[in-house]
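Understanding the architecture of this molecule
What follows is the residue order along each chain.
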Amino acid sequence: MTDANGIVTIPSRHSVDETVKRLENLLQEKGIKLFTLVDHSGEAERAGLKMPPTKLAIFGNPKGGTPLMLATPSIAIDLPLKLLIYEQKNGEDTNGNVWISWDAPAYLAARHALPQDLVANIAVIEKLAAAIAG
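Structure report, in brief. Throughout this description, residue numbers start from 1 for each chain and increase along the sequence as written. Local features in this predicted model are restricted to residues whose pLDDT is 70 or higher, and side-chain atom pairs enter the listing and the counts only when it is 80 or higher, whereas totals over whole chains, interfaces and linings include all residues. With hydrogens and water excluded, all non-hydrogen atoms of the structure serve as input to the side-chain values.

1. Some points on the overall build of the chain
Let me state the cut-off plainly: Only runs of H or I of at least four residues qualify as helices and only runs of E of at least two qualify as strands under DSSP, and these elements are numbered from the N terminus. C-alpha atoms define the radius of gyration in this analysis, and the globule rule sets the expected value at 2.2 Å times the number of residues to the power 0.38. Think of it in three bands: residues with accessible area under 20% of the maximum for their type are buried, residues over 50% are exposed, and the middle band is partly exposed, with areas taken using a 1.4 Å probe on protein chains only.
Counting its secondary structure elements, the chain contains five helices and five strands. Ordered by position in the sequence, the α and β elements of the chain form the string β-α-β-α-β-α-β-β-α-α. Against the globule reference of 14 Å for 134 residues, the chain gives a C-alpha radius of gyration of 15 Å, in line with a compact fold. Along the first, second and third principal axes, the C-alpha set of the chain runs to 45 × 30 × 30 Å. Expressed as a percentage of its 134 residues, the buried residues of the chain come to 40%.

2. Topic: helix α4 (residues 105–112)
As a reminder of what qualifies: For this quantity, the arc is that covered by the directions from the helix axis to the C-beta atoms.
Of all the positions in α4, only P105, L108, A109 and H112 are classed as buried. When α4 is viewed along its axis, its buried side chains cluster within an angular range of 100° and face the same direction. Facing away from the buried side of α4 by more than 90 degrees, the exposed set consists of A106 and A110.

3. Some points on the pattern of salt bridges
Under the convention used in this document: Throughout this description, the term salt bridge denotes a Lys or Arg side-chain nitrogen within 4 Å of a carboxyl oxygen of Asp or Glu.
Taken as a whole and assessed by the stated rule, the structure comprises three salt bridges. A salt bridge links D17 to K55; the shortest N-O distance between them is 2.7 Å. Highlighted residues: D17 in helix α1 (residues 16–30) and K55 in strand β3 (residues 54–60), separated in sequence by 38 residues. Residues E43 and R46 are paired through a salt bridge, measuring 2.9 Å at the closest nitrogen-oxygen approach. Highlighted residues: E43 and R46, both in helix α2 (residues 40–46), separated by three residues, approximately one helical turn. The class of E43 is partly exposed, set by a relative accessible area of 47%.

As structure tokens, then:
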């Protein structure tokens, strides 16, 4: 489901940590570099704050991203690609649900006026998200 801001969100059948592990394994299999994993909830805890598990994976492949940035330099603000993996508790559901969110490729294409033939370079994110959601 894509919201009005171009963010796609799907449920994961796994915990945040397991979903992240599945992503790490898949990226490694595909030869895609995981640049960093931002542990928002871990940093919050170190600051004495509490939040549900929330991690942001930043990843990409220069062979896919460089042509995009050469065609439309402004897309560099949205690259590398990112997946937000987080738990959201609803009401009394103490287990919470795990979600995966990312910027829709069509949204990024429109935002940066990408040539249509290059959109496939970022559309891979949809297959990755579906695979890790399991």
